[in-house]
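The residues making up each chain are set out below.
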Amino acid sequence: MSRPVRVAPPRAGLSGGLDLPGDKSIAHRALLLGALAEGTTVVRGVPGGADVQATRAAVQRLGAHVREEEGTLHIEGQGAGLGVADRVAIDCANSGTTMRLGAGLVAGGPGTVVLDGDASLRRRPMERVAEPLRAMHAVVETTAGRAPVTVRGGSLLGVDWRSPVASAQVKSAILFAGLRARGTTTVREPLPSRDHTERLLAYLGARIECRPGMVTVAGGQRLRAAAIPLPGDVSSAAFLVVAGLLVPGSTLRLRDVGLNPTRTGFLAILRRMGASVDVIDPHDAAGEPRGELHVRAATLHGTTITPEEVPAAIDELPILAVAAALAEGETVLRGASELRVKESDRIAALEQLRPLGVTLQTTPDGFVIRGTGGRRLRGGRIDAGGDHRVAMAFAVAGLVADGGVEIRDPECVDVSFPGFFTRLVELGAEVTPR
Ligand code: S3P
């Protein structure tokens, strides 16, 4: 356990330019699909966070050889035969993506794979992937609906699955299994979730058909290894974007950020709240849009975040709550009950805004926040409950709280953004160990 840190308002606006860790979502997929491809996949800009390390270890357990050279991973794909005939245990640590996508990947391979994780991951729902995989004739056992999850590999049949939740992890698990199944596999979802799997499959040469609300892939396809340069993680950028908006006098440049429209919902919401964020040099590489973000401090006002907007902003809702806490007027979020089954119950975690002087009401699927209209919050102490995004959201709140905010368990940010506190200091923030 590292010592708590206090994040306090800087003397002047935050300023500077920086690169972010590579996109975590795409990195997981690049490792898993690279292992299933034929040839050597080269992934540049791989983030050092614990979640992606868990996926790297997982593909190595499944027999793929992974070599690292200066932040670039070389994955020697095993093709359709990926996996080992024995019983293999995979530790997914805190990473839901490793567990859910991993379950889909191994369902059509050889051997038996037991996927487990830390206490947080053991609390999260796994039947949402087990059920569709069973419909494809996979043998999957959960532990009362949660991890450990045991998958006995075997021959699979394609499925047409209507997922009740808009979840890219569920969609991707089914598509991964579909690649190794007989026949075609279709996934339908109530609202579009992030589409990195679809884009990467196409980039690796798979035939995949995407229509609004559904995606279809044919089984038995071979993937062709490729070079995958990862963009900076837009979900990590979101914390700095809001920091730059809230700290008066700030100007920030965030270079080479992934700008996939299924991930940038928070930017649209912030702009509606009055934010000033410009995109410079937008372009595509390896099938993913990216660009540089320029952020200037702004006065924000409240808004309503609708259920339709939730999937494209799902990981940014905690930091949007902090933006709402400083905005003028009321911000309402609805349709986000998924936040209750993330690395922690993120709606409950946000209640810790109240002692900081924020008027907030939580609901089963969201919140109502009355912002301070730019007035600083009260200082205080919070427990992130081991959740990286909660820790980073409250750290940003500390930048605009008199006396700052103390984060009791700051090391949890390493899951997605190692070096987060150092970056804040580089931009001018005051971060002190307690
Ligand atoms: C992810 C999908 C989302 C997101 C998570 C990463 C992914 O989860 O919250 O951080 O990489 O597919 P759900 O699919 O459960 O919504």
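Below: a short report on this structure. Per chain, residues are indexed from 1 in the order of the written sequence. Local features in this predicted model are restricted to residues of pLDDT 70 or higher, and side-chain atom pairs are both shown and tallied only at a pLDDT of 80 or more, whereas totals for entire chains, interfaces and linings draw on every residue. Each side-chain value is worked out from all heavy atoms of the structure, with water and hydrogens disregarded.

Thoughts on helix α4 (residues 127–135)
The cut-off we apply is this: For every residue, the accessible area (1.4 Å probe, protein chains only) is compared with the maximum for its type, and the residue is labelled buried under 20%, exposed over 50%, or partly exposed between those bounds. Counting from the N terminus, the helices are DSSP H or I runs at least four residues long and the strands are E runs at least two residues long. In this description, contact between two residues means that some pair of their heavy atoms is separated by no more than 4.5 Å.
The set of residues buried in α4 consists of R128, V129, A130, P132 and L133. Tucked inside the fold, the buried residues of α4 contact α3 (96–106), β8 (139–143), β11 (160–162) and α5 (168–179). Once α4 finishes, H137 follows within two positions and takes phi at roughly 80°, a positive value.

Focus: the nonpolar core
In plain terms, the rule: Residues grouped as a nonpolar core are buried Ala, Val, Leu, Ile, Met, Phe, Trp, Tyr and Cys residues, joined through side-chain atoms within 4.5 Å.
L240, V241, L270, L317, L353, F420 and L424 are the most contacted members of the largest nonpolar core, which totals 81 residues. In contact with L270, not counting residues within four places along its chain, are V241, V242, L245, A275, L320 and A323.

Description of the site of the ligand
To keep it simple, the criterion reads: Note on definitions. A residue lies near a molecule or strand when any single heavy atom of the residue is within 4 Å of it. Within 3.5 Å is the distance limit for a polar contact, defined as a pair of N or O atoms, with the added protein rule that one can donate a hydrogen and the other accept it, and that residues adjacent in sequence qualify only through two side-chain atoms. With residues, only the protein chains shown are counted as cover, and all accessible areas are computed by Shrake-Rupley using a 1.4 Å probe.
Around the ligand lies a shell formed by S25, R29, T97, R100, S167, A168, Q169, R194, I314, D315, K342 and R389. R29 places a side-chain nitrogen or oxygen 2.6 Å from an oxygen atom of the ligand. Here an oxygen atom of the ligand sits 2.6 Å away from a polar atom, N or O, in the side chain of D315. Expressed as a share of its isolated accessible area of 380 Å², the protein-covered part of the ligand is 95%.

A word on the pairing of strand β13 (residues 184–188)
The cut-off we apply is this: DSSP-based pairing: two strands are paired if at least 2 bridges between them are found.
By the bridge criterion, three bridges tie β11 to β13 in an arrangement that is parallel. From the neighbouring strand, R162 faces β13, where its bridge partner is R188. Where β13 and strand β15 (residues 214–218) come together, five bridges link them in antiparallel fashion. Considered in β15, the bridge of T185 is made with V217.

With respect to the packing of helix α1 (residues 24–36) against helix α2 (residues 50–61)
Inclusion rule: To obtain an axis, a line is fitted to C-alpha atoms, over the contacting stretch when the element is a helix, and the angle between two such axes runs from 0 to 180 degrees between their N-to-C directions. Any angle that is under 35 degrees is reported as roughly parallel, and any over 145 degrees as roughly antiparallel; angles of 65 to 115 degrees are reported as roughly perpendicular and all others as oblique. Ten residue types, Ala, Val, Leu, Ile, Met, Phe, Trp, Tyr, Cys and Pro, are classed as nonpolar, four, Asp, Glu, Lys and Arg, as charged, and the remainder, Gly among them, as polar.
For the pair α1 and α2, the least separation of the axes is 9 Å and the interaxial angle reads 5°. Considering their axes alone, α1 and α2 lie roughly parallel with respect to each other. Contacts between α1 and α2 pair K24, A27, H28, L31, L32 and A35 from the former with D51, V52, T55, R56 and V59 from the latter. The class makeup of the residues in the contact of α1 with α2 is six nonpolar, two polar and three charged.

Brief notes about the pattern of salt bridges
Under the convention used in this document: Any Lys or Arg side-chain nitrogen found within 4 Å of a carboxyl oxygen on Asp or Glu counts as a salt bridge.
The tally for this structure, following the rule as stated, stands at 32 salt bridges. Of the charged contacts in the structure, one is a salt bridge between R134 and E127, with a shortest N-O distance of 2.8 Å. Here R423 makes a salt bridge to E426, at a shortest N to O gap of 3.9 Å. You can see R423 and its partner E426 sitting in helix α12 (residues 420–426), three residues apart, about one turn around the helix. Bridged by salt links that share partners, the residues R124, R194, D315, E343, R346, D387 and R389 form one connected network.

Things to note about the packing of α5 against helix α6 (residues 196–203)
In the contact formed by α5 and α6, the axes pass within 9 Å of each other and the chain directions differ by 30°. The orientation of α5 relative to α6 falls into the category roughly parallel. Where α5 abuts α6, its residues K171, S172, L175, F176 and L179 lie against T197, E198 and L201. Of the residues assigned to the contact of α5 with α6, the class counts are four nonpolar, two polar and two charged.

Looking at the sheet that holds strand β6 (residues 87–91)
Read from one edge of the open sheet, four strands run β6-β7-β9-β8, paired in mixed fashion. What marks the edges here is a single partner per strand, and that holds for β6 and β8. Pairwise comparison of adjacent strand axes, ignoring direction, gives a mean angle of 15° for this sheet. The pairing of β8 with strand β9 (residues 146–152) spans four bridges and is classified as antiparallel. By the bridge assignment, V139 is partnered in β9 with R152.

So, α1
Note the cut-off: How far a helix is expected to stretch is found by multiplying one less than its residue total by 1.5 Å.
Over its 13 residues, α1 extends 19 Å from the first C-alpha to the last, a length consistent with the 18 Å expected when each residue adds 1.5 Å. With 13 of its 13 residues buried, α1 lies for the most part within the structure.

Here's the deal with unusual backbone geometry
With omega at 0°, the peptide bond leading from A147 into P148 counts as cis. Even without glycine at this site, D256 takes up a positive phi of about 45°. Relative to the assigned elements, D256 resides in strand β17 (residues 251–258). For D256, a relative accessible area of 34% corresponds to the partly exposed category.

Honestly, it's all geometry; don't read function into it.
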